[in-house]
Amino acid sequence: MSITAQTVWNNCLEFIKDNIQPQAYKTWFEPIIAVKLTDNALSIQVPSKFFYEWLEEHYVKILKVSLTKELGEKAKLVYIIKMENTYGNKQPFTERIPSSNRSGLKSQDVDIPLNNKNPELRNPFVIPGIRNVKIESQLNPNYSFENFLEGDSNRLARSAGLAVAAKPGGTSFNPLLIFGGVGLGKTHLAHAIGVDIKDKYPEKTVLYISAEKFTQQYIDSVKKNNRNDFIHFYQIIDVLIIDDVQFLTGKTGTQDVFFHIFNHLHQNGKQVILTSDKAPVDMQDIEQRLLSRFKWGLSAELQHPDFETRVSILKNKLYRDGVEMPEDIIDYVAKNIKTNVRELEGAIISLIAQSSFNKKEITIDLARTIVEKFVKNTKREVSIDYIQKVVSDYFQMDIDTLQSKTRKRHIVQARQLAMFFAKKLTKASLASIGSQIGKRDHATVLHACKTVDNLSSTDKQFKKYVEDISKKLSV
Ligand code: ADP
Ligand code: MG
């Protein structure tokens, strides 16, 4: 019996394959399983209710033509929806739904178990056991365009975002890829676009998700054997926002599934918004076919904000918090924190907190201490000068002493440690390290590195030096 169903279905597939896009065929027909054939009715099993609706909506004509060719005018089609029970019961259940009248194929009467309401589309955001049909957008309403201040550094990205929000899927900015360094506002802007779209088009399904969470959901879906449901869930989104796509680097499985979802959304005029800490050309280990998709739309960079923009971001933040601050302090903070808006905000928040908790007046001195903490925290390129300073401070000697020709043991050790860390933390050559640390040659530096290695495994006190200095240098 099932062999006959299989043959009929295979013939249908052959016809369908010739008449639709290969990608569509792969997505919508390969997952179907022919289950049985009774009289003129072919039962096919589809992975979800959504899948069934999609087939009815888009492929009913071709299904009808192909099936009529095989089974004659009286052909009937019965869908069997296979999906996992999401309400705690581990057994998968099966529900049959007669093909709708729209299809013009006479439907076969089937029993739908009374206690089984229509199974829902599996939503990876649903906490097991809790029914939740609506897709929550996961947007943060605090990240709006209104408080995303404009400047030369972000004008292109911001305006592209506004254009996309006005006509999601209807501009050539699809996908819109926002890229730039840490703390420059990628996440904020991505949310702002979503929030604005939700505002203008409440009926649209908008979803914000980090690439990391997306990857996790995908891995889970593979484990739970519902990869198809995962894909179908993402394919019904109108506006998909994926944050930090650089996270997909090297994750070929997730890239592959994202590729299919992306194509589907793009083909159907849905909007995709991506953020990344790198420009597409600098993304390594992202599949070429995916990279080329990223380049279809617009890649807009968020650059480091200029001084004026930094000042207006600070003023806006203070204004929203209802705090007043002297102009010169704002200037001081804006002048000294240049490369990261998050740090800019962090410094101003610390300042406010310090002054209100400790009832201290906000002075330039207080600003200086706080800014220093923030600036130190940014990964600064460790220089050989800096290493020498940290090591000599640690041993409470000055740099001249550290570099001197003396053979006093503790000074020699300090110098060797400086050389060791210079080798470890910079790209400088042995010769260059030697010439900067007391005009020594490369052999001396090599010897120093070996000595430090040996001593730290035999001498407890020395090992502690290495650990302490490492900590100081990694700040
Ligand atoms: P990224 O995702 O690029 O690392 P975020 O979007 O998390 O950066 O931004 C860091 C912080 O800086 C957030 O609090 C954000 O609100 C703020 N920010 C960044 N750019 C701006 C801007 N142009 N105007 C106002 N706030 C900004
Ligand atoms: Mg971010």
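All values reported here derive from a predicted model rather than from experimental measurement. (Residues numbered from 1 in each chain as written. Chains lettered and ligands numbered in written order. Predicted model: local features only at pLDDT ≥ 70, side-chain atom pairs only at ≥ 80, totals over all residues. Heavy atoms only, no water.)

Colleague: What exactly am I supposed to notice about the site of ligand 1 here?
Modeller: The environment of ligand 1 is made up of 17 residues, and the closest members are Gly183, Lys186, Thr187, His188 and Glu345. Within the backbone of Gly185, an N or O atom sits 3.0 Å from an oxygen atom of ligand 1. Within the contact set of ligand 1, an oxygen atom lies 2.8 Å away from a side-chain nitrogen or oxygen of Arg342. Within the complex, 92% of the 560 Å² of free accessible area of ligand 1 lies under protein. If you list the elements that add at least two residues to the shell around ligand 1, you get helix 6 (186-200) and helix 13 (341-357). When its residues are assigned to classes, the shell around ligand 1 shows seven nonpolar, seven polar and three charged. (Near = heavy atom within 4 Å. Polar contact = N/O pair within 3.5 Å; in protein donor to acceptor, adjacent residues only side chain to side chain. Areas by Shrake-Rupley, 256 points an atom, 1.4 Å probe, with all protein chains shown as cover. Helix = DSSP H or I, 4+ residues; strand = E, 2+ residues; numbered from the N terminus. Nonpolar A, V, L, I, M, F, W, Y, C, P; charged D, E, K, R; others polar.)

Colleague: Sorry, what's going on with the packing of helix 12 (residues 327-336) against helix 13 here?
Modeller: Any two packed helices are characterised by the angle at which their axes cross and by the distance between the axes. At their nearest, the axes of helix 12 and helix 13 sit 10 Å apart, and the two run at 145° to each other. For the pair helix 12 and helix 13, the crossing hand works out as right-handed. Residues Ile329, Val333 and Ala334 of helix 12 touch helix 13, and the partners they reach there are Leu344, Ala347, Ile348 and Leu351. Among the residues making up the contact of helix 12 with helix 13, the classes are represented as seven nonpolar, no polar and no charged. (Axes fitted to C-alpha atoms, helices over the stretch in contact; angles between N-to-C directions. Left-handed = near helix turned anticlockwise from the far one by under 90°. Contact = heavy atoms within 4.5 Å.)

Colleague: It is not clear to me how unusual backbone geometry should be interpreted in this structure. Could you clarify?
Modeller: Note: most peptide bonds trans; most residues except glycine with negative phi. Cis peptide bonds are those with omega within 30 degrees of zero, and the linkage from Asn174 to Pro175 qualifies with 5°. Residue placement: Pro175 occurs in the loop between helix 5 (155-166) and strand 5 (176-179). At Asp39, a residue that is not glycine, the phi angle is positive and equals roughly 50°. Along the chain, the position of Asp39 falls in the loop between strand 1 (33-38) and strand 2 (41-46).

Colleague: I would appreciate a short explanation of the UniProt feature "binding site: ATP" (unreviewed entry) in the protein chain in the present structure.
Modeller: As annotated by UniProt and renumbered to match this structure, "binding site: ATP" (unreviewed entry) occupies Gly183, Gly185, Lys186 and Thr187. Assignment of secondary structure puts Gly185 in the loop between strand 5 and helix 6. Judged by its relative accessible area of 17%, Gly185 is buried. Sequence-distant contacts of Gly185, that is, excluding residues within four places in its chain, are made with Phe148 and Leu302. On the secondary structure map, Thr187 appears in helix 6. For Thr187, a relative accessible area of 26% translates into the label partly exposed. (UniProt positions renumbered as here; feature names shortened; annotations may be inferred. Buried < 20%, exposed > 50% of the residue type's maximum accessible area, 1.4 Å probe, protein only.)

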